[in-house]
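Reading the structure
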Amino acid sequence: MFNLLGRRDKLKAGLKRSRESWFARIAQIVQRPRLDEALWEEMEELLISADVGVATTARLIEKVRKEAAAQGLRDASSVVELLKEEMVSLLSVVDAGVRPGLSPTPGGPFVILTIGVNGAGKTTSIAKLAHYYQEQGSRVVLAASDTFRAGAIEQLQVWGQRLGVEVIAHGPGGDPAAIAYDALEAARARGAEVVIVDTAGRLHTKLNLMEEMKKIARVLSRLDPQAPHQVLLVLDATTGQNGLAQARSFSQAVGCTGVFLAKLDGTAKGGIVVAIVQELGLPVLFIGTGEKAEDMAPFEPQEFVDDLFSPVS
Amino acid sequence: MFEALSEKLTAVFSRLTARGRLTESEVDEGLREVRLALLEADVNFKVARDFVQRVRERAVGSQVMESISPGQQIVKIVHEEMTAILGGESPKLANAARPPTVLMLVGLQGSGKTTTAAKLALHLRRGGQRVLLVAGDLRRPAAVEQIETLGRQLDVPVYSEGIDSSAVQVCRQGVQKARDIGAAWVILDTGGRLHIDEDMMGELEEVKKATSPSELLLVVDAMTGQDAVVSAQSFHERIGLTGLIMTKLDGDARGGAALSITQVTGLPIKFIGTGERAEALETFHPDRLASRILGMGDILTLVERAQESMDQQRAKELERKIRKATFDLEDFLEQLHQVRRMGPMSQVLGMIPGFSSIARRLSPEELEGEHLKKLEAIVYSMTPKERRNPDILNGSRRRRIARGSGTTPQDVNQLLSQFRQMQKLMKQFSSGKPPRGLMGMFR
């Protein structure tokens, strides 16, 4: 994915040192003459250090172990390949049903509700989504429904100006659901194809705030029974095992349809999404990488897995 | 998977008869569970490995104390070691020889720097001192507006310049301004980046040089995974930190990153952020975080939270009753009220040892308390005498209560059996045994 965004060169310099040690380590794994316990442990560590989590790692390794035995694999490098294939297929499994959601529906405004914990990167990710749909020729309207955090409305408005996208906002402390409703109405009136609703960051353990989320979804569905068409969970790629709890709680409350994996250009690998797909079957739809509006791409399982095994560390 | 770490360890050791000493293989078996618990809590895998190794050395051959099982013995050692790494008593903020004392906050994007800056300002001002906030994040759109708004809300002055200025310029001028207005503290908010890069480090180094901060605090999101230690180390190596602030500990993240960072950098944790409100900045207690990382619940925080929502005397009473297990249906009712006032049930349950798994399995509706309302109605329909002495509730009294509360005698019976379970549970708390089979209680 770094190729995709042409960032690899920029990153190269800073990563040289860790890259070398990483290559040494991968080489070490791959050159093992036989499949001993230490190899499996190294692979486990690799996954755990990428935040894949203990349970999911154990399940993956177990499966690959069996498969390797069944195929009679003897060298380490083909086992690593097998593990990668296994992960790609796990991450791809839910693609079919949800992919159409990537593009706006022809019928009316396609409504995307974004949710996530505080600081996950919702507002920036929304700017990226807006830019993405604009590039595809859609007219986009943004709803500034984060009326809680100081400066949140202004932040979205700054993005709106930069991108030339209309932002529907009330004052601070306004009713988030009412703003979302207004935005959908405005989008209809102006013939826009996509509405993206920003919401206040909330920890998934706060029930009253989860109720507020439900209300936003409910109010939107009054204008369009299908809305929100997409409920995107914005997840910080540095998130550890708590990401699974987030995905579970948000899904329970408002029925997430996918994950936007934000901030994926750090040293973190975002491996928690593997656990999320495994446990909840929630697809990863987009990745966000840099700070600019164009630093975003649809999620590609193969690239993600290659990256997870690559020496960006 | 490890909320019941001590239960698991107890199971591991259940086969062992009390032989008085722990052998290597026995310890290893138990420590595997500990290692998994640490990894699930986002403790860095290298740190977890070293940590377990250290615990192993202490645990092997150690005398099993008479009062506790081998499993609890290991948990105790783990807990002690962890508390030691996390730090001693809460460290105070350093004071500059000549005011103003400069506090500089650094961290990755979204870790909560700006919110924390405002919380610190309020905290210091409540200590009776004048504080100035400086809007040194010129990078994120509207970051300046955010801190200005927070300053207005808290009535704390904010120094800012236009976004065409530079971070170094704003911070230098900010410190000068603090001097001019006679502020004792000046808090510098700085711009985050998505990850460690040259650009950010260069900027932070310059700000540091220009303002000579007494404290350089790294703001870390408690939900951060394995990467936490990598970025903390880079910050520390490059600009020399003096401490940490962990944010978003009001969620259900275990916060294992704290252990990784303190272990690797040796930096103290100075504060923790526990909510969105400006007051939600707390002093750090190493032992509590250790319990949390191990999934052992946090009964002390629970009691403190209870204190916030009721008066001191009642809190003491509740604590005494929990410990002595002498509470009746009046207390049960009172507790229902308190629990609902203390915050979301899921959070409250998470703080009780062994309950976090239950909280996770309940649906939002169950946690929300439709059920609690029904329980309340039943208890309301009892006479004070019945509440104090549930044993007198015979069939006809139960039927009357059911009619009065719009429920059925079965509901009343269920409540009574739940109440008995709860009493039993309280006894287990006070005797330190892990509670079991409590799922039914909140259904």
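Nothing here was measured: the structure is a model prediction, and the numbers come from that model. Along each chain, residue indices are assigned from 1 in the same order as the chain's sequence is written. By the order in which they are written, chains take letters starting at A while ligands take numbers starting at 1. Given that the model is predicted, a residue must reach a pLDDT of at least 70 before its local features are reported, and side-chain atom pairs must reach 80 or more before they are shown or counted; all residues, however, enter totals for whole chains, interfaces and linings. Side-chain measures here rest on the full set of heavy atoms in the structure, leaving out hydrogens and waters.

**Re the overall build of chain B**
Basically, it comes down to this: Secondary structure is summarised from DSSP: a helix means a run of H or I of at least four residues, a strand means a run of E of at least two, and numbering begins at the N terminus for each. Each residue is placed in one exposure class: buried if its accessible area under a 1.4 Å probe, protein chains only, is under 20% of its type's maximum, exposed if it is over 50%, and partly exposed if it falls in between. The Shrake-Rupley method, run with a 1.4 Å probe, gives the accessible areas here. Residue values count only the displayed protein chains as cover.
Across its full length, chain B holds 21 helices and eight strands. Every one of the 443 residues in chain B was classed for burial, and the buried ones make up 55%. Only carbon and sulfur atoms are counted for the fraction: they give 48% of the accessible area of chain B, which is about 18,900 Å².

**Looking at the interface of chain B and chain A**
Condition: Two residues form a contact once any of their heavy atoms are found within 4.5 Å. Here the buried area means the combined drop in accessible surface, using a 1.4 Å probe, for two parts upon being joined, counting both sides. Here, a salt bridge means any side-chain nitrogen of Lys or Arg that lies within 4 Å of a carboxyl oxygen of Asp or Glu. Two N or O atoms form a polar contact when they lie within 3.5 Å of each other; inside protein one atom must be a possible hydrogen donor and the other a possible acceptor, and for residues adjacent in sequence the pair counts only when both atoms belong to side chains.
Every contact between the two is made by 41 residues of chain B and, on the other side, 47 residues of chain A. Taken together, both faces of the contact between chain B and chain A bury some 3,800 Å²; the carbon and sulfur share is 57%. For the chain B face of the interface with chain A, the top three residues by lost area are Leu 194, Met 223 and Glu 276 of chain B, together amounting to 18%. Put simply, chain B and chain A have three salt bridges between them. With a shortest N-O distance of 2.4 Å, Arg 49 of chain B and Glu 45 of chain A are connected by a salt bridge. If you look at where chain B meets chain A, you find 15 residue pairs in polar contact (both at pLDDT 80 or more).

**What about the side chain of His 204 of chain A?**
In this structure, His 204 of chain A sits in the loop between strand 4 (194-199) and helix 10 (207-223). Here the side chain of His 204 of chain A touches Asp 252 of chain B through a polar contact of 2.7 Å, side chain to side chain. Sequence-distant contacts of His 204 of chain A, defined by excluding residues within four places in its chain, comprise Val 117, Met 210, Asn 242, Ala 245, Gln 246, Ser 249 and Phe 250 of chain A together with Asp 252 of chain B.

**Observations concerning the nonpolar core**
The nonpolar side chains of a soluble globular protein tend to be buried, and buried together. The following threshold applies: Residues grouped as a nonpolar core are buried Ala, Val, Leu, Ile, Met, Phe, Trp, Tyr and Cys residues, joined through side-chain atoms within 4.5 Å.
Grouped together as the largest cluster of nonpolar side chains are 104 residues, with contacts concentrated most on Leu 47 and Phe 304 of chain A. It is helix 5 (residues 76-92) of chain A that contributes the most residues to this core, nine residues altogether. Those residues within four positions of Leu 47 of chain A in sequence are excluded, and the remaining contacts are Val 52, Thr 57, Leu 60, Ile 61, Leu 83, Met 87, Leu 308 and Phe 309 of chain A. Residues Phe 45, Ile 74, Ala 118 and Ala 257 of chain B belong to the second largest nonpolar core, which totals 95 residues.

**Section: the pairing of strand 1 (residues 101-106) of chain B**
Residue and element names in this part refer to chain B. Using the following cut-off: Being paired, for any two strands, means DSSP has found at least two bridges between them.
Judged by how many residues are buried, strand 1 sits mostly within the fold: six of six residues are covered. Burial along strand 1 is two-sided: the face carrying Thr 101, Leu 103 and Leu 105 and the face carrying Val 102, Met 104 and Val 106 are both buried. The pairing of strand 1 with strand 4 (residues 185-190) spans four bridges and is classified as parallel. Considered in strand 4, the bridge of Thr 101 is made with Trp 185. Across four bridges, the pairing between strand 1 and strand 5 (residues 215-221) is parallel. Each residue of the ladder has a partner; that of Val 106, found in strand 5, is Leu 218.

**Comments concerning the confidence of the model for chain A**
All names here are of chain A. The condition that has to hold: pLDDT measures how confident the predictor is about each residue, on a scale from 0 to 100.
On average, chain A scores 84 in pLDDT, and the residues at 70 or more come to 83%. For residues 1-23, every residue scores under 50 in pLDDT, and the model assigns this stretch 37 contacts once sequence neighbours within four places are set aside. For the stretch residues 95-100, pLDDT sits under 50, and the model shows eight contacts to residues farther than four places along the chain or on other chains.

**A word on helix 12 (residues 272-280) of chain A**
Within helix 12 of chain A, the full set of buried residues consists of Ile 272, Val 273, Val 274, Ala 275, Ile 276 and Val 277 of chain A. Two residues or fewer after helix 12 of chain A comes Gly 281 of chain A, characterised by a positive phi angle close to 65°.

**Regarding the pairing of strand 7 (residues 284-288) of chain A**
Residue and element names in this part refer to chain A. Where we set the bar: Handedness is read with the strands pointing away from the viewer; a crossover is right-handed when the path from the first strand over the helix to the second is clockwise.
Across the five residues that make up strand 7, a large majority, five, are buried. Judged from the three bridges that link them, strand 6 (residues 258-262) and strand 7 form a sheet pairing that is parallel. Along strand 7, the bridge assignment pairs Phe 260 with Phe 286. Tracing the backbone out of strand 6, into helix 12 and back to the parallel element strand 7 gives a crossover that is right-handed. Bridge analysis of strand 7 against strand 8 (residues 296-298) gives three bridges, and the strand direction is antiparallel. Each residue of the ladder has a partner; that of Ile 287, found in strand 8, is Ala 297.

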